[in-house]
Structure formats: C-alpha cells, structure tokens
Amino acid sequence: MEQFAADPRDVRDPHPEPARRRRDTPVARRAAWSGTGEPVDGYEVYRYDDCAAVLRDNDTFSSESIRAGMAAVMGPYPLVGMDEPDHRRLRSLVAQAFRQKTLAHLEDDLVVPVVDEMIDTFINRGHAELVRELTYRYPVQVIAVILGLPRDDYEQFHHWASAIISVGARPMEGIAASRDLRAYLEQVLEDRRARPRDDLVSELAASELDGERLGDEEIFSFLRLLLPAGAETTYRATGNLLFGLLDDPRQFDAVRADRSLLTAAVEEAIRWEPPLLITSRVALHDTEIAGTAIPAGAQVIPNIGAANRDEQRWDHAEDFDLFREPKPVISFGVGPHMCLGMHLARMEMRAAVNRLLDRCPELTFDPEARERDDPHIHGETFRSPTQLPVRFDVAA
C-alpha cells in the first residue's frame, strides 16, 4: 500500500481563517523558524497584490530560508532557494532543457503512453480509485521516462521520491533516500556523458551558455528538486482538477463536449486549490508590507492559497468555475522564481484528463463509494483529494 505524503492533520478546509485575515489583518504575525530550525519573527501575507510583490522583489526578500531547509535532501544548489546572481546563472543553464522545442514532443511520445499504461490496469473493470491508481503514480513515472531511466528502476525511483517528499515527517529516511538517489544519478550522469541520449539528463550534461556548463552538484541538486516538485505538486494538482470537474457534472460535461476548455479548467484548478498553500522568504533589510513594518531577518510567508482567493480580484473566489474571466494566478509563483516546470505540469494535467475522457466513457464519481468513503480535498499545507472513486462504461 503506497504511503501518500500528507499533512499530519486531515484539515478539510483551511481557507476560512486566511480569508478572514485577508480582509482584517492582511499581514499577520506568526511563529516561524529559520532554515536551521531557530525561531525567528514571522509575518504571513494574505492578499494577492502583496504576495505577488514579495515574490517579485528578489532584492528585498531572499529565498535563502528555502535553501537552508532543503539542502539536506536536495544538495547545495536547489534552484528555488537561490538568490541572484547565482539563481539567474543556474536557471539560464537549466532552462535550456525546458525550452518549448524540448518539451514539444513529450506529450504524445512520453506522457500519454504513461497515462495509458495506468488506465490499462483498470479499464476493463468499469470503476477505479484514481488517486491510488493514477494521480499518485503517474507524475513520478513521467519524470522517470523524461530522465531516461530503465523501467526496472521505476519502483525504486518512486520509493526515493516518496521518502524525499516526506522528509519533514521522516527525516532520516528522507536523507538516506536523497543520498542513495544522488549515488544512482551519478552513475546515470556518467553514462550520459559517455553515451548521450534523447533525455533530460543528457540535455543537462550538454547544457552550455556563454561557454559555461553545469557542474555535477548543480545537476544533482536540480534533479533532486525536480523529483518532489514535479511529482508531488503535479499529482496533487491533477487530483484537485479531477475533483473539481467530477464534483460539478455541468462543468465536466462542458469539457467533454469541448476539450479546448481544459486549458481554462487547469488554470481554475490551480487557482481554486493549489497543491501547495504557502512559500517563504527572508527580509534582507527593514521594510514594510501593506503598512506593516517587517524587520530585517524576519521570515515572510506568502499565503498562496489565500492570494488565489482574494475577493478583490475574483468574484465568488471560493467556487471552482472554469468559465470565470481568466486572470493570472500565483500558484506557480511570479517573478524570478516562477516555476520552471509549469508548462510540463499543465501538460501532464491536461493529458491525464484527456485520456480519461477518451478511454473511460461517462466517467463520474462512484455514488456508492462517495457516500461510503467521503472523498474530499484535504491538507493544511499540501492539498489534494483523499480519494477519487469513479465509475465509467466499459467498452463492448
């Protein structure tokens, strides 16, 4: 039985309190800790414009706290935890492997076959539990395919991914998995330098900008970041998208009839229930946010979930509504640290829903399983469905 990474408490709806604070106390004091575990002043930010301003301002707000907290499992160069100019240099080198030309062939050649293989395991039953049988397993396998790993290693790769993702709950297991994954990747990188292939590791090994290449530890740190970022957040975001659609048959039927609506559905899902609700920065000098004084060294926590439900920006923001006027969301970040893999994540989400609709006619929530098991989106920091029990017609 897979052990899903989740928050310690089954928080069904964390949104009301941030909504109250967004209206009454847009920047609130809270307990916080440095990347080394020391208590520091903390300030949580709840409004969209304020959160976006923090994330855009790389000169006032440092990502060092993320780096310190992630170094044990992601090495010394986690891209999301770096500041300029190191961040700009590393991102420019890594980004070449994520350019549109590189990603263009992935959907049909790599991603859809992984989705189809998952669906093959339940297609003849007429029912499935999509968290356990699809959304949890699928993104890790996509990353394994993109990295060009042998199929025999997928199970071990998934085990390492789960352990690294759960490092907060099981630190020793996560650190050991990170160490073992690095040793494994060292062998893969050595092989790709000797025998390049059409895969991401080969792209990273060959990446060059103005005569400069990525160092080995930079590659290992990036790949150990890609694993939880690509697997954890994508599995949760895909589950949230499916929950939103399954929970509203009118909207799901509209997508069935017009697949072009999937683009809007993906954007609405990551606004309505982003897979990760908060991030953090450290104030480099005394500053202020929305009239609140922030001392140097304080940790600033943009609340992504609250920002994405800001009533000053969206009407009826608590509702999943793919027909609302499109506006940029903050789920993939904004500014210098905007998520490098956001296009890949969106593509994976679309591909999963498209193939389910192609191959599972009349896909709906299973009413009996829903009544019995009460599936819902849960989590205080990470958000995704507990279950997605569905039924569908079996092809004759």
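Each remark here, short or long, concerns the structure printed above.
Residues numbered from 1 in each chain as written. Predicted model: local features only at pLDDT ≥ 70, side-chain atom pairs only at ≥ 80, totals over all residues. Heavy atoms only, no water.

Trainee: Just checking my understanding: could you explain the nonpolar core for this structure?
Mentor: As a rule of thumb, soluble globular proteins bury nonpolar side chains together. Counting residues in each nonpolar core, the largest one holds 115 residues, and the members touching the most others are Tyr138 and Phe157. When residues in this core are grouped by element, the largest group, 14 residues, is from helix H12 (residues 216-246). Apart from the residues lying within four places of it in its own chain, the contact partners of Phe157 are Val140, Ile143, Ala144, Leu147, Leu149, Leu181 and Leu227. (Core = buried A, V, L, I, M, F, W, Y, C linked by side-chain atoms within 4.5 Å. Buried < 20%, exposed > 50% of the residue type's maximum accessible area, 1.4 Å probe, protein only. Helix = DSSP H or I, 4+ residues; strand = E, 2+ residues; numbered from the N terminus. Contact = heavy atoms within 4.5 Å.)

Trainee: Which parts of the structure should I look at to understand helix H10 (residues 171-194)?
Mentor: Residues spaced three or four apart along an α-helix point in a common direction, a consequence of the helix completing one turn every 3.6 residues. For H10, built from 24 residues, the straight-helix expectation of 34 Å at 1.5 Å per residue is met to within 8% by its first-to-last C-alpha distance of 35 Å. Within H10 the residues assigned to the buried category are Gly174, Ala177, Ser178, Leu181, Tyr184, Leu185, Val188, Leu189, Asp191 and Arg192. On its buried face, H10 is in contact with helix H3 (64-74), helix H8 (138-147), helix H9 (154-165), helix H11 (200-206) and H12. (Expected span 1.5 Å × (residues − 1).)

Trainee: Would you explain the packing of H12 against helix H14 (residues 262-272) in this entry?
Mentor: Axis angle and axis distance: for two packed helices, these are the angle between their axes and the distance between the axes, and together they describe the pair. Between H12 and H14, the shortest axis-to-axis distance is 9 Å and the interhelical angle comes to 105 degrees. Between H12 and H14, the crossing angle belongs to the class labelled roughly perpendicular. Contacts from Ala237, Asn240, Leu241, Phe243, Gly244 and Leu245 in H12 reach Ala265, Val266, Ala269, Ile270 and Trp272 in H14. Of the residues belonging to the contact of H12 with H14, the class tally is nine nonpolar, two polar and no charged. (Axes fitted to C-alpha atoms, helices over the stretch in contact; angles between N-to-C directions. Parallel < 35°, antiparallel > 145°, perpendicular 65-115°, else oblique. Nonpolar A, V, L, I, M, F, W, Y, C, P; charged D, E, K, R; others polar.)

Trainee: Would you explain the side chain of Asp366 in this entry?
Mentor: The topology assignment puts Asp366 in the loop between strand E11 (364-365) and helix H17 (367-373). Buried within the structure, Asp366 lacks any salt-bridge partner; its nearest side chain of opposite charge belongs to Arg391, at an N-O separation of 5.2 Å. (Lys, Arg positive; Asp, Glu negative; His and termini not counted. Salt bridge = Lys/Arg side-chain N within 4 Å of Asp/Glu carboxyl O.)

Trainee: Hey, could you run me through unusual backbone geometry in this one?
Mentor: What is expected of a backbone is that most residues other than glycine have negative phi and most peptide bonds are trans. Glu84 connects to Pro85 through a cis peptide bond whose omega is 5 degrees. Checked against the element boundaries, Pro85 lands in the loop between H3 and helix H4 (86-95). Positive phi values are uncommon outside glycine, yet Glu362 reaches one of about 60 degrees. Along the chain, the position of Glu362 falls in the loop between helix H16 (342-359) and E11. Backbone geometry places Asp374, a non-glycine residue, at a positive phi of 50 degrees.

Trainee: Mind showing me how you'd approach the sheet that holds strand E3 (residues 61-62) here?
Mentor: Each strand in a sheet pairs with another by means of backbone hydrogen bonds, the pair being arranged parallel or else antiparallel. The five strands are arranged E1-E2-E10-E7-E3 in an open sheet whose pairing can be described as mixed. Sheet topology places strand E1 (27-33) and E3 at the edges, where each strand pairs with a single neighbour. As judged from the seven bridges shared by E1 and strand E2 (residues 39-45), these two strands associate in the antiparallel manner. Following the sheet pairing, Ala28 is matched in E2 by Glu44. (Pairing = 2+ DSSP bridges.)

Just geometry here; none of it tells us what the structure is for.
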